[in-house]
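These are the residues of each chain, in order.
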Amino acid sequence: MFLELRLLQFEDLSLGLAEVLEKRIESSDVVGFAEVTGDRNPIHLSEHFAAKTPFGGRIAHGLYTASLISAVLGTRLPGPGAVYISQTLNFRAPVRIGDTVRVEVRVAELIPEKRRARLACLCSVGGEPVLDGEAWVKVPGRGS
């Protein structure tokens, strides 16, 4: 999963502008995320352990799913040069190995005097929300 870089300036943004990423979650993604973060909770790594939980099997780290939002912000909307200010996350449902996550980021508010944008973020699997929230980013302008 590599997104082609797209650089948008603040002046290029408009309410409703959106970008979508779809990513199939592989076991190697979850194992790699555990390696990088040190979060080795067996609900993510052990089918035997996870089978005994209410989820009935392995699930991806919630923050792995959230990191897909970061991929969109840093590469496509608004893209390189944007600076994260804040992110809220609401975890709605588990993401399982083999699920395809659809990540949609949409411009919800623009504050021109500060060159800030509020972005509505929604991750879904099969049309059902698994994570939502909003991000605030500072976006470079043509004159900065």
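Higher on the page you've got the structure.
Notes on the structure in this doc start here. Think of each chain on its own: its residues are numbered from 1, step by step along the sequence as written. It should be noted that, the model being predicted, local features are given only for residues of pLDDT at least 70 and side-chain atom pairs only at 80 or more, the latter also being counted only at that level, while totals for whole chains, interfaces and linings use all residues. Based on all heavy atoms of the structure, the side-chain values leave hydrogens and waters out of the count.

This next bit is on the nonpolar core. What is meant by a nonpolar core is a set of buried Ala, Val, Leu, Ile, Met, Phe, Trp, Tyr and Cys residues, joined one to another through side-chain atoms within 4.5 Å. Using a 1.4 Å probe on the protein chains alone, a residue whose accessible area is under 20% of its type maximum counts as buried, one over 50% counts as exposed, and one in between counts as partly exposed. Membership of the largest hydrophobic core comes to 30 residues, with the highest contact counts inside it found for Ile25, Ile69, Val101, Val103 and Val105. Helix and strand assignments follow DSSP, with helices taken as H or I runs no shorter than four residues and strands as E runs no shorter than two, numbered in order from the N terminus. Elements that contribute at least two residues to this core include exactly helix H1 (27–37), helix H4 (62–75), strand S4 (100–111), strand S5 (116–125) and strand S6 (128–138). It is H4 that contributes the most residues to this core, 6 residues altogether. With residues up to four places along the chain from it excluded, the contact list for isoleucine 69 reads Tyr84, Gln87, Leu89, Val103, Val105, Cys121, Cys123 and Leu131. Residues count as neighbours in contact if any of their non-hydrogen atoms are within 4.5 Å of one another.

For the rest of this paragraph, the subject is the pattern of salt bridges. Salt bridge, as applied in this entry: a Lys or Arg side-chain nitrogen positioned within 4 Å of an Asp or Glu carboxyl oxygen. Scanning the entire structure with this criterion turns up 13 salt bridges. Glutamate 35 is paired through a salt bridge with arginine 40; the nearest N and O atoms lie 3.6 Å apart. You can call arginine 40 partly exposed: its relative accessible area is 48%. Linked through salt bridges whose partners overlap, the residues forming this network are Glu22, Arg102, Glu104 and Arg106.

Turning to H1, its buried residues number three or more, namely Asp29, Val30, Phe33 and Ala34. The buried residues of H1 occupy one face: seen down the axis, they fall within an arc of 135°. Exposed side of H1, more than 90 degrees from the buried face: Ser28, Glu35 and Val36 are the residues found there. Buried residues belonging to H1 abut strand S1 (18–24), helix H2 (42–45) and H4. Just downstream of H1 lies glycine 38, where phi reads positive at about 85°. Read the arc as the range of directions from the helix axis to the C-beta atoms.

With that settled, consider the pairing of S5. Two strands qualify as a pair provided that DSSP identifies no fewer than 2 bridges between them. Looking at chain direction, S4 and S5 are connected through 10 bridges and run antiparallel. Paired with arginine 102 across the bridge in S5 is serine 124. The turn joining S4 and S5, which pair antiparallel and follow one another in sequence, is formed by 4 residues; a positive phi near 50° is taken by arginine 115. Here S5 pairs with S6 via 10 bridges, running antiparallel. The residue bridging arginine 118 from the neighbouring strand is tryptophan 136, located in S6.

Bear in mind that shape data such as this cannot, by itself, settle questions of function.
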